[in-house]
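Okay, here's what each chain looks like letter by letter:
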Amino acid sequence: MWISSAPLRISLAGGGTDVPSYAERFGGMVLGATVDLRVTVVGRPARTHEHVRACLDTCSSTAGGGLVANPFAREALRRHWGGGPLELASFADVPGGSGLGSSSAFSVALLAGLEGGRLSPAEAAEAAGVIEMEGLGRPVGRQDQYLSAFGGFRLLHFSRAGAAEVEEIPVDEPFVRRLDEELMLFFTGRTRDAGEVLGEQNARVGGSDRAAQNLLHEIKSLTPAALDALKNNDAPALGEVLGRHWNLKRRLGARVSLPSVDRAYEDALEAGASGGKLLGAGGGGYLLLHAKDAARAQVRAAVAAHGFVEQPFRFDGRGVRVVAGDPAAGFEELVPSH
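Here's what I pulled together on the structure shown here. (Residues numbered from 1 in each chain as written. Predicted model: local features only at pLDDT ≥ 70, side-chain atom pairs only at ≥ 80, totals over all residues. Heavy atoms only, no water.)

Attention shifts here to the sheet that holds strand β10 (residues 286-290). Spatially, β9-β10-β8-β11 is the arrangement adopted by the 4 strands of the open sheet, whose pairing is antiparallel. Each end of this open sheet is capped by a strand with a single partner; those strands are β9 (275-278) and β11 (309-310). Direction of pairing for strand β8 (residues 183-187) relative to β10: antiparallel, over a ladder of 5 bridges. Bridge pairing in β10 links Phe186 to Leu287. Sitting on the sheet, helix α6 (residues 173-182) is in contact with β8 and β10, with an inclination near 40 degrees to β8. Where helix α10 (residues 235-249) meets the sheet, its contacts fall on β8, β9 and β10, and the angle it forms with β9 comes to roughly 45 degrees. (Pairing = 2+ DSSP bridges. Helix = DSSP H or I, 4+ residues; strand = E, 2+ residues; numbered from the N terminus. Contact = heavy atoms within 4.5 Å. Axes fitted to C-alpha atoms, helices over the stretch in contact; angles between N-to-C directions.)

Structure (structure tokens):
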């Protein structure tokens, strides 16, 4: 039996520039970090039947991995499982389709488990990206897979040739704990498919829409400012970058924001938030806001008045992890090298 888990992520700056329609023409750059919310996958070869039994979105028993309902699992099994009876189950700390990269975290965790912890973080990230972008044809980028596999605060560079470079960003621990307090996460109550929301952006950029390209150029240019905020322990400056990012991002497509989100965001700013944005592709999911200590209670009340529910979290530097063994005899952690 193996148990694998991978963290969810918060994108701080540059999100959207990792999508191939942009990155392959101009190069992408994303700053993000992982949190203590995770996706966990449990698997073991089956002993009592000859099927693949999967309790993922729903429970099913099929004759082979190619019939599993969950498309990410189906593609992962096709590429990374040698066949034979198998039992799978997964658990997540947040709803799917909520902007924290849960689909990619699931893929990274599943692949790490299927491969017995032999994949390095880079290999797990690349394999998860292949599943989502090539196997399933989704118009998404690769920041989620890399952040989830490596963990921590990371600056990701995506070259026009398709290479990915992962840079660890050192952040003072007291400042990380301050960010835990001053950054607040609220669930809007709406989930969505990131691929569908990104489809409009992908079509505009791929079709040489200069306005869309320029918006992404500006979004990418915010990444150095976000880096400076982390290095200078300047939380309000980071909040302002989030706000500038959001004002650019919601001009990329009609589905990026929602009237309910716009109203809640404006009320949060009036209550004292320095900035924020919807995470992930937009269209619902989680709203990230920054507020200094003196304004946090007012911001919480303003956003709660719209029915949004706060999700506690802390930044956590652990990437993908796998433990394997026999429940009766104990487990051993299999930690791939960085």
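The discussion continues.
For the rest of this paragraph, the subject is the packing of helix α2 (residues 71-80) against helix α4 (residues 121-135). Two elements in contact, α2 and α4, have axes separated by 10 Å at closest approach and are oriented at 115 degrees. For the crossing formed where α2 meets α4, the hand is right-handed. On the side of α2, the interface is formed by Phe72, Glu75, Ala76, Arg79 and His80, while α4 contributes Ala127, Val130, Ile131, Glu132 and Gly135. For the contact of α2 with α4, the residue count by class is 5 nonpolar, 2 polar and 3 charged. (Left-handed = near helix turned anticlockwise from the far one by under 90°. Nonpolar A, V, L, I, M, F, W, Y, C, P; charged D, E, K, R; others polar.)

Further remarks concern the nonpolar core. Among the nonpolar cores identified, the biggest contains 81 residues, and Phe153, Leu230 and Phe315 are the most heavily contacted of them. Apart from residues lying up to four places away in sequence, Phe315 is in contact with Ile10, Ala33, Thr34, Val35, Phe153, Val176, Arg177, Leu179, Asp180 and Leu183. (Core = buried A, V, L, I, M, F, W, Y, C linked by side-chain atoms within 4.5 Å. Buried < 20%, exposed > 50% of the residue type's maximum accessible area, 1.4 Å probe, protein only.)

As a further point, take the side chain of Gln311. Positionally, Gln311 belongs in the loop between β11 and β12 (321-326). Classification of Gln311 by relative accessible area gives buried; the value is 18%. Setting aside anything within four residues of it in sequence, one finds Gln311 in contact with Leu37, Asp93, Val94, Leu185 and Tyr286.

Another point: empty space enclosed by the protein. The full count for this structure, using the stated rule, is 1 cavity of 30 Å³ or more. Space inside the largest cavity adds up to approximately 50 Å³. Classifying every residue of the lining of the largest cavity by side-chain character gives 4 nonpolar, 3 polar and 1 charged. (1 Å grid on protein atoms, 1.4 Å probe; cavity = no way out; pocket = protein on both sides within 12 Å on 5 of 7 lines; lining within 4 Å. Points joined across faces, edges and corners; volume = space filled by probe spheres on them.)

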